[in-house]
Amino acid sequence: MTNLPIFRQESSIAEQTTPQQLQSAALGDWKQNTFKKLRGGFFLVLGYLLSPLCWWNDLLFNLPIAYGFGYICSLFYPKLLLPCSIIGYWLSNIIGILLMQFGAMDVLQNQPKKRNLKKELLSGVVTSTIYTLVILALVQLKIIDAPVPLLGS
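Q: It is not clear to me how unusual backbone geometry should be interpreted in this structure. Could you clarify?
A: Excluding glycine, a negative phi dihedral is what most residues carry, and trans is how most peptide bonds are arranged. Residues other than glycine seldom take positive phi values, yet Lys 142 does so here, at roughly 60°. Summarising the element assignment, Lys 142 is placed in the loop between helix H5 (117-140) and helix H6 (148-151). Look at Lys 142 and you get exposed, because its relative accessible area is 70%.

Q: Is there a simple way to think about the packing of aromatic side chains in this case?
A: Two aromatic rings, taken as a pair, are described by how far apart their centres are and by the angle between their planes. In the structure shown here, the tally under the stated rule is one aromatic pair. Taking 5.9 Å as the distance between ring centres and 50° as the angle between the ring planes, the aromatic pair formed by Phe 42 and Phe 43 counts as tilted. We classify Phe 43 as partly exposed; its relative accessible area is 27%.

Q: Please explain the packing of helix H3 (residues 57-76) against helix H4 (residues 81-108) as it appears in this structure.
A: Viewed as axis vectors pointing N to C, H3 and H4 meet at an angle of 135°, and their least axial separation amounts to 7 Å. By the angle between their axes, H3 is oblique relative to H4. When you trace H3 past H4, the crossing you get is right-handed. Facing Asp 58, Asn 62, Leu 63, Ile 65, Ala 66, Tyr 67, Phe 69, Gly 70, Tyr 71, Cys 73 and Ser 74 of H3, the residues of H4 in contact are Leu 81, Cys 84, Ser 85, Ile 87, Gly 88, Tyr 89, Leu 91, Ser 92 and Asn 93. When grouped by side-chain class, the residues that make up the contact of H3 with H4 number twelve nonpolar, seven polar and one charged.

The rules we used
- Residues numbered from 1 in each chain as written.
- Predicted model: local features only at pLDDT ≥ 70, side-chain atom pairs only at ≥ 80, totals over all residues.
- Heavy atoms only, no water.
- Helix = DSSP H or I, 4+ residues; strand = E, 2+ residues; numbered from the N terminus.
- Buried < 20%, exposed > 50% of the residue type's maximum accessible area, 1.4 Å probe, protein only.
- Phe/Tyr/Trp six-rings, centres within 6.5 Å; stacked < 30°, edge-to-face > 60°.
- Axes fitted to C-alpha atoms, helices over the stretch in contact; angles between N-to-C directions.
- Parallel < 35°, antiparallel > 145°, perpendicular 65-115°, else oblique.
- Left-handed = near helix turned anticlockwise from the far one by under 90°.
- Contact = heavy atoms within 4.5 Å.
- Nonpolar A, V, L, I, M, F, W, Y, C, P; charged D, E, K, R; others polar.

In structure tokens form, the structure reads like this:
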């Protein structure tokens, strides 16, 4: 019997809501949801372009970013060009994977859910590290060629 007055109070609040208020709330939710989907789509595409999942992105995105990062580091100490280029390449892939994860969460998830940033970051770091090690092994085994500026010649 104690729940009955509470039910009547909630019922009276619902009855006080006008159709205009309901429409305004629905429109606000729609705008917020649309913005979230557009933002998620942008992050998903940008992340895909930076991630190791895109096979043609290295030449256009990742290597110029990596070389630029290595070049900036080499201004402080010239021998840092190659190591910092590798780090820059690795970071661009991690950022791509994380952007894809954040974008996919916005696009695919209908209900707000708390994100586990540590888990997502760890997943991105592990995936990019494995990818980088595979690429380095392929270069060392002379299966693929490294660009001339990265060889230090």
